Amino acid sequence: MKVTEVRSTALSVPLDRPMFVGNKSRVFSRFNPVVVQVMTDEGVNGFGIAFSEEDKRVKTLKAAVDEVGEVILGQDIFRWEEAWATLFEATGHMGHRGYGIYALSAIDSALWVIRAKALGMPLSRLLGGYRDEVPAYASHKLFRDWSLDELQKDAAALVGQGFRCVKMNMGDKPLAAEVERLRVVREAVGDDIDIMVDANWSWSVPQAVKIGRALEPYDVRWLEDPVASDDPEDLCRVASALAIPIAAGETFCTKYEFRGLLEKRAAHALIVDLQRVGGVTEWVKVAAMADAWKIPVASHLFDEFSAHLVAAVPNGFMVEYMPWWDVIYQEPPVVENGYMRITDAPGLGIELDPGALQRYRMQ
Ligand SMILES: [Mg+2]
């Protein structure tokens, strides 16, 4: 089975409510998935996603996908290491961070959907099949512009929807205000629900240590990306000073960058982003590397793929539920009683909605 065509479609999907994360410069009101559809000579097709946001730099991303896609025409579907190596070599001059790796990742992921469909099995089973349901945490509410009342109301609502773990955002407020926001969320969800805190690289090392210690009484499951630097040494300094576990990794690209994070034992849990790591091929390799240190891996975004990835590997910990572009699917991923379930459907078990692709298409 060989690749015959790589087709990309750039979309612009608005959020119901703009999203404020980390420091004040990060505000998102819409996301731009570039849908990458890969066709084969036997009629089995798959898709992957790369994305930008705020309708910016979308043409560049689409062009990167289109140009990188040319190198994979004629590729034997089941030679996945050969396919990945070809894509990696083709993106050398673009760079193995940013849009070069985004294009590679989306195409690599589409190829994995084709493989699973061709074998008639869900992707998670092809990749290891460790389990058929994975816990998912709510990551789509509780941002830094939520009022205290909104934090309490929405945190309680998420628990009412079945989530056993919720994430809240911090990073732009004085220590006392951040602690108060955590306190009200803890009060709203009770003692049996896990709370994660994501600081989106907002603090210096001393700030992270000081605020982290003040958060400790509220039983935080993990503190994510506490420091402005992604330097493993800085993360180690924070981790060694706190009782709260540290999670990091969403901006790390390829196994080569994760190697340093693991060797330094800079995080208690890895967050692996499908489009930055290098697609499905590289995601499972990083998970295997982490397993050698007995470090759990969680996903970043891309629920439609991430549920399969986290389900496939023995150290898969949790899926981040973030339904930014669910509207483009016929049957978007669902969380029931805090879990995402893998069905027997081949591939992802999720198909694109052609009408939605037309509706959200960028001109
Ligand atoms: Mg994060």
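Along each chain, the written sequence defines residue order, and numbers are assigned to residues from 1. The predicted origin of the model limits local features to residues at a pLDDT of at least 70 and limits the giving and counting of side-chain atom pairs to 80 or more, whereas totals for whole chains, interfaces and linings rest on all residues. Hydrogens are left out, water is left out, and the side-chain values use all remaining heavy atoms of the structure.

Participant: Any chance you could explain the overall build of the protein here in plain terms?
Facilitator: Numbering goes from the N terminus for both helices and strands, where a helix is a DSSP run of H or I of at least four residues and a strand is a run of E of at least two. Scanning the protein from N- to C-terminus turns up 13 helices and 13 strands. Here the radius of gyration uses the C-alpha set of atoms, whereas the globule reference equals 2.2 Å times the residue count to the power 0.38. At 20 Å, the protein has a C-alpha radius of gyration in line with the 21 Å of a compact globule built from 363 residues. Taking the principal axes of its C-alpha atoms as reference, the protein extends roughly 60 × 40 × 40 Å. A burial count over the protein gives 57% of its 363 residues as buried. In what follows, a contact means two residues having at least one pair of non-hydrogen atoms within 4.5 Å. The contacts of the protein with a sequence gap of at least 6 include a subset with a gap of at least 24, amounting to 70%. Here the Shrake-Rupley method, with its probe set to 1.4 Å, supplies the accessible areas, and only the displayed protein chains count as covering residues. Surface accessibility of the protein: about 14400 Å² in total, with carbon and sulfur atoms responsible for 50%. Each residue is assigned to one of three classes by its accessible area relative to the maximum for its type, calculated with a 1.4 Å probe on protein chains only: buried under 20%, partly exposed between the two thresholds, exposed over 50%.

Participant: I keep staring at the pattern of salt bridges and nothing clicks. Help me out?
Facilitator: Two side chains with opposite charge may pair up if their charged atoms get near one another. Salt bridges are defined as contacts in which a side-chain nitrogen from Lys or Arg sits within 4 Å of a carboxyl oxygen from Asp or Glu. Here the structure, examined in full by the defined rule, presents 26 salt bridges. When the shortest N-O distance is used, the salt bridge between Arg183 and Glu187 registers 3.1 Å. Highlighted residues: Arg183 and Glu187, both in helix α6 (residues 175-189), separated by four residues, approximately one helical turn. The structure contains a network of salt bridges with shared partners spanning Lys167, Asp198, Glu224 and Glu320.

Participant: What is the right way to read a nonpolar patch on the surface from this model?
Facilitator: A contiguous nonpolar patch, built from Phe78, Trp80 and Leu119 and spanning about 260 Å² of accessible area, is present on the exposed surface. Structurally, Phe78 can be placed in the loop between α1 (58-69) and α2 (80-90). Residues form patches when they are more than 30% accessible in relative terms and have no salt bridge. Like charges link within 9 Å. Nonpolar side chains (Val, Leu, Ile, Met, Phe, Trp, Tyr) link within 5 Å.

Participant: Can you help me understand the domain arrangement of the protein in this one?
Facilitator: Often the size quoted for an interface is simply the accessible area lost on bringing the parts together. Residue ranges for the domains originate in an automatic or database domain assignment. On domain assignment, one finds that the protein holds domain 1 (3-120) and domain 2 (124-341). Distance from the C-alpha centre of domain 1 to the C-alpha centre of domain 2: 23 Å. Facing 37 residues of domain 1, the contacting portion of domain 2 comprises 42 residues. The junction of domain 1 with domain 2 conceals about 3200 Å² of combined surface from both sides, 63% of it contributed by carbon and sulfur atoms. A salt bridge links Lys285 to Glu81; the shortest N-O distance between them is 3.0 Å. As used in this structure description, the phrase polar contact means that two N or O atoms lie within 3.5 Å; if the pair is within protein, one of them must be able to donate a hydrogen and the other to accept it, and residues adjacent in sequence are counted only when both atoms belong to side chains. The interface formed by domain 1 and domain 2 holds 15 residue pairs in polar contact (both at pLDDT 80 or more) in total. If you list the elements that add at least two residues to the side of domain 1 that touches domain 2, you get β2 (13-20), β3 (27-40), β4 (46-53), α2 and α3 (99-119). Two parts lose some accessible area (1.4 Å probe) when they are put together, and adding that loss for both gives the buried area.

Participant: Even after reading the chapter, I still don't get the coordination of the magnesium ion, so can you show me in this structure?
Facilitator: Around a metal, the idealised angle for a tetrahedral arrangement of four donor atoms is 109.5 degrees; for an octahedral arrangement of six donor atoms it is 90 or 180 degrees. Sites may look incomplete because water is not among the atoms; the donors themselves are N, O and S atoms within 2.8 Å of the metal, or within 3.2 Å for Na, K and Ca. Binding of the magnesium ion to the protein goes through Asp198 (OD), Glu224 (OE) and Glu250 (OE), at separations of 2.0 to 2.2 Å. Sequence spacing among the residues donating to the magnesium ion works out to D-x25-E-x25-E. Linking Asp198 in strand β7 (residues 194-198) with Glu250 in the loop between β9 (246-248) and α9 (254-263), this pair joins segments that are 52 residues apart in sequence.

Participant: Looking at this model, I keep getting lost on the nonpolar core. Mind explaining?
Facilitator: Most often, soluble globular proteins have nonpolar side chains that are buried together. For this analysis, a nonpolar core means a set of buried residues of the types Ala, Val, Leu, Ile, Met, Phe, Trp, Tyr and Cys, connected via side-chain atoms within 4.5 Å. One finds Leu270, Trp283 and Ile328 to be the most contacted residues of the largest nonpolar core, which totals 97 residues. Here this core gets six residues from one element, more than from any other, and that element is helix α12 (residues 303-312). Counting contributing residues, this core receives three or more from each of domain 1 (3-120) and domain 2 (124-341). Discounting chain neighbours no more than four positions away, the residues touching Leu270 are Ala248, Phe258, Leu261, Leu262, Val286, Ala290, Ile295, Pro296, Val297 and Ala298. Of all hydrophobic cores here, the second largest spans 30 residues; its members include Val34, Val36, Val38 and Tyr102.

Participant: Mind showing me how you'd approach the packing of aromatic side chains here?
Facilitator: The relation between two aromatic rings is expressed through the spacing of the ring centres and the mutual angle of the planes. Stacked, tilted and edge-to-face pairs are distinguished by plane angle, under 30 degrees for stacked and over 60 for edge-to-face with tilted covering the rest, among Phe, Tyr and Trp rings (Trp via its six-membered ring) whose centres lie within 6.5 Å. Counted by the stated rule, this structure contains 19 aromatic pairs. Three or more aromatic residues joined by ring pairs form one cluster here, namely Phe28, Phe31, Phe51, Phe302, Trp324 and Trp325. Charge over a ring is defined by NZ of Lys or CZ of Arg lying within 6 Å of the ring centre and within 35 degrees of the ring normal. Lying across the ring of Trp146, Arg17 places its NZ or CZ 3.6 Å from the centre. Note that Arg115 overlies the ring of Trp112, its terminal NZ or CZ placed 4.6 Å from the centroid.

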